[in-house]
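# Inside the fold
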Amino acid sequence: MFDGYDSCSEDTSSSSSSEESEEEVAPLPSNLPIIKNNGQVYTYPDGKSGMATCEMCGMVGVRDAFYSKTKRFCSVSCSRSYSSNSKKASILARLQVTGKPPTKKAKVLQKQPLVAKLAAYAQYQATLQNQAKTKAAVSVEGFSWGNYINSNSFIAAPVTCFKHAPMGTCWGDISENVRVEVPNTDCSLPTKVFWIAGIIKLAGYNALLRYEGFENDSGLDFWCNICGSDIHPVGWCAASGKPLVPPRTIQHKYTNWKAFLVKRLTGAKTLPPDFSQKVSESMQYPFKPCMRVEVVDKRHLCRTRVAVVESVIGGRLRLVYEESEDRTDDFWCHMHSPLIHHIGWSRSIGHRFKRSDITKKQDGHFDTPPHLFAKVKEVDQSGEWFKEGMKLEAIDPLNLSTICVATIRKVLADGFLMIGIDGSEAADGSDWFCYHATSPSIFPVGFCEINMIELTPPRGYTKLPFKWFDYLRETGSIAAPVKLFNKDVPNHGFRVGMKLEAVDLMEPRLICVATVTRIIHRLLRIHFDGWEEEYDQWVDCESPDLYPVGWCQLTGYQLQPPASQSSRESQSSSSKQKKKAKSQQYKGHKKKRKMPIGKKPVSLSSLPMTGGVRRSFSGDEELTPPPYRTLPAQTAPEAFPPPSTSREFSPSLKTVTTLQLKEELLDGDDYNFLQGASDQESNGSANFYIKQEP
């Protein structure tokens, strides 16, 4: 069944031509996977000259990678074995070429490759079925940001709100009315031609464009990703020798298109000449596969484990725990996530750590350089500092929609704290979680009251409404001093109602369509479109788990569309029990929140604070993440700075070029980026704590 390969060597074919099978078998598809069997790697030919079959061991692979000039053997050992045992080699060659029934002796030689081939073919058939299902799902759940924004008149958070995202720190003056050169889709020419278009509306990386000459006609307006490879500054076609052809719909409007363009473009703005280079540079990430890190253990939140970077997509890391034999025990987070640290971090600060059963590093694995991780602010612990037993308010990592009464359980080095949620802690402290003292996800006593946020009292506490003064007196506790908390509020630029793409921190492999529904200084309330408010999450404005509209398209990550009304109703009727279980597991159900040790793992949410450790990662850790498009290999810079935490952002480079198609320069044509006036809710002062009662 595996004969008929065009890639077999000439000598092998000639030696067995007299015994060729009369029945031809079509070659296997070219995208058959590479599989391993008993330590050997097998791949399969595509019927082209680029493949070859080893005449000794039967391995099929890329012809150029084979040994010797004739490419008859996969290695030196096979070449020598063939010379010393030509009889065995000829038997195996006949099996590979003719498909004749093998002799008993030949079956022994053929057994291993044949098993591998049959397994690969079965896997290939399963892959085709999965691809068919995936394509069907995409066609049903297809989502377009452009249509979604246009039909609802939504606004999107600007790229400058996301310092960790590509172009987040050098987006500059890109705004409406900027002109670009784009492919002309309204043309009957067989070759690819371009025309000039202006930005009508910006939504993150996406721009609504209109061809020059259409004036107020929006009939051919279209959305595209401004960082895409087909978007160029004005003048690129002239420099590259590409034709500028007006759209067929408006060709009749002007007889002298050159004069029209000179008049329209004089003094207009366009992208800088090095815009595409900046995009490419901003998408180079220093983290690489096979790097080792310490990451929180999603089964025991109070400790960390060693994990290995499996893949990097847009700065997001798929980490596989080092002890995972089948490499399915994974976890997703951003490379600037406070959940990951360099090897040795846990020991240096006194954090609990699970030692790996693997005594030495596997081949090719290496420790990630410490300078690649997000830096935390240095603190002085010599004076007045946090102490064990102090009370505070904190975002519950098992229920990110709530802020709860919490207690400092242990003070670690370098400003890190182990915190537990009152009323729902495990007896052995296995659900404590780590926050840094400067984390924007911990708050002093009274924060929720002064900012009109509902504070979740300890489970089982009956004296409602909850009063901090009474609770402190009853428990004999003291509140953590207000001055020890982080009071920095950056001018982040977010506004209520803005759209973005956000990680579902209860299932961190998923990125969903989301909306900012509330802003409390630097704290954002994120709502996932199409879902109930109980799934909302509190995150920090500088969280690396928030992305501009169009980020998934730019990086090749899979975006989860809003849940439709029909799908919500279907889920509530057919999956009601499953939804309840997820709510209890991921959101910390009030009546059943405590998770016993060693039971089904919870989802370690990607906490937005610096240096924090989440208690809930993906509860679907047995499931492999959805297939993502692999990005081209990129060369990482020597150092990748962590996200800035400064209060103000000033673009270092002007990123919009003014076109000058006349001899004289025009005055007043520069665009200066404005982040918008601050308001009390979004970018107010840091005086949002109430005075503690004596």
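What you see as residue numbers is a count from 1 along each chain, following the sequence as written. pLDDT decides what is reported in this predicted model: residues at 70 or higher carry local features, side-chain atom pairs at 80 or more are listed and counted, and totals for whole chains, interfaces and linings draw on all residues regardless. Side-chain numbers here rest on the full set of heavy atoms in the structure, without hydrogens or water.

The subject of this paragraph is the overall build of the protein. Here a helix means four or more residues in a row that DSSP labels H or I, a strand means two or more in a row labelled E, and each is numbered from the N terminus. For the protein, the count of helices and strands is 15 helices and 31 strands. Across the 694 residues of the protein, 50% fall into the buried class. Within the protein, counting contacts between residues at least 6 apart in sequence, those at least 24 apart form 66% of the total. In the structure as shown, the protein presents an accessible area of about 33400 Å², 51% of it carried by carbon and sulfur atoms. For every residue, the accessible area obtained with a 1.4 Å probe (protein chains only) is divided by the maximum for its type, and the residue is called buried under 20%, exposed over 50%, and partly exposed between those limits. We call two residues in contact whenever any of their non-hydrogen atoms come within 4.5 Å of each other. The Shrake-Rupley method, run with a 1.4 Å probe, gives the accessible areas here. Residue values count only the displayed protein chains as cover.

Before going further, it helps to examine the side chain of His527. Considering the arrangement of structural elements, one finds His527 in strand 27 (residues 523–528). Polar contacts involving the side chain of His527 include one to the main-chain carbonyl oxygen of Trp531, which spans 3.3 Å. Ignoring anything within four residues of it in the chain, the contact list for His527 reads Val513, Ala514, Thr515, Thr517, Glu532, Glu533 and Asp536. Any pair of N or O atoms that falls within 3.5 Å is considered a polar contact. Within protein, one atom must be able to donate a hydrogen and the other to accept it, and sequence-neighbouring residues count only if both atoms are side-chain atoms.

Here we take up helix 7 (residues 257–265). Turning to helix 7, its buried residues are Trp257, Phe260, Leu261 and Leu265. All buried residues of helix 7 lie within an arc of 105° about the axis, which places them on one face of the element. Facing away from the buried surface of helix 7 by more than 90 degrees, the exposed residues are Lys258 and Lys263. On the buried face of helix 7, the contacting elements are strand 6 (179–183) and strand 7 (194–203). If you check the start of helix 7, you find a side-chain oxygen 3.3 Å away from the backbone N of Lys258, and it comes from Asn256. Working definition: the arc comes from the directions between the helix axis and the C-beta atoms, pointing outward to the latter.

This brings us to the pairing of strand 12 (residues 291–296). Most of strand 12 sits inside the fold, with six of its six residues counted as buried. Neither face of strand 12 is open: one carries Met291, Val293 and Val295, the other Arg292, Glu294 and Val296, and all of them are buried. When DSSP locates at least two bridges between a pair of strands, those strands are taken to pair. Across five bridges, strand 12 lies against strand 13 (residues 303–313) in antiparallel orientation. From the neighbouring strand, Val296 faces strand 13, where its bridge partner is Thr304. Hairpin connection from strand 12 to strand 13: six residues lie between these consecutive antiparallel strands.

Under the pairing criterion, centres of Phe, Tyr and Trp rings, with the six-membered ring standing for Trp, must be within 6.5 Å; the plane angle then separates stacked pairs below 30 degrees from edge-to-face pairs above 60, leaving the rest tilted. All told, the structure shown has 29 aromatic pairs when counted by the stated rule. Taking the centre distance of 5.2 Å and the plane angle of 80° together, the rings of Trp385 and Phe386 count as edge-to-face. Considered together, Trp385 and Phe386 belong to a single accessibility category, that of buried residues. With a centroid separation of 5.0 Å and 90° between ring planes, the pair formed by Phe433 and Tyr435 is classed as edge-to-face. Exposure remark for Phe433: the relative accessible area of 0% places this residue in the buried category. Three or more aromatic residues joined by ring pairs form one cluster here, namely Phe143, Trp145, Tyr148 and Phe154. Over the ring of Tyr321 we find Arg305, and its NZ or CZ is 4.1 Å from the ring centre. Lysine and arginine charges are scored as sitting over a ring when NZ or CZ, respectively, is within 6 Å of the ring centre and within 35 degrees of the ring normal. The ring of Phe154 has Lys499 lying over it, and the distance from NZ or CZ to the ring centre is 4.0 Å.

Between Lys or Arg on one side and Asp or Glu on the other, a salt bridge is scored when a side-chain nitrogen of the former is within 4 Å of a carboxyl oxygen of the latter. Following the criterion strictly, the structure yields 25 salt bridges and no others. With a closest N to O distance of 2.9 Å, Arg264 and Glu212 form a salt bridge. With Arg264 in helix 7 and Glu212 in the loop between strand 8 (206–211) and strand 9 (222–225), the pair connects residues that are 52 residues apart, well separated along the chain. For Glu212, a relative accessible area of 3% gives the class buried. In this structure, the salt-bridge partner of Asp536 is Arg525, at a minimum N-O distance of 3.6 Å. Here Asp536 is found in the loop between strand 27 and strand 28 (537–540), whereas its partner Arg525 is found in strand 27, with 11 residues between them in sequence. The exposure classification of Asp536 matches that of Arg525, with both residues buried. Salt bridges linked by common partners bring Asp297, Lys298, Arg299, Arg303, Arg305, Glu323, Asp329 and Lys354 together as one network.

In short, the description is geometric, and any link to function would need to be established separately.
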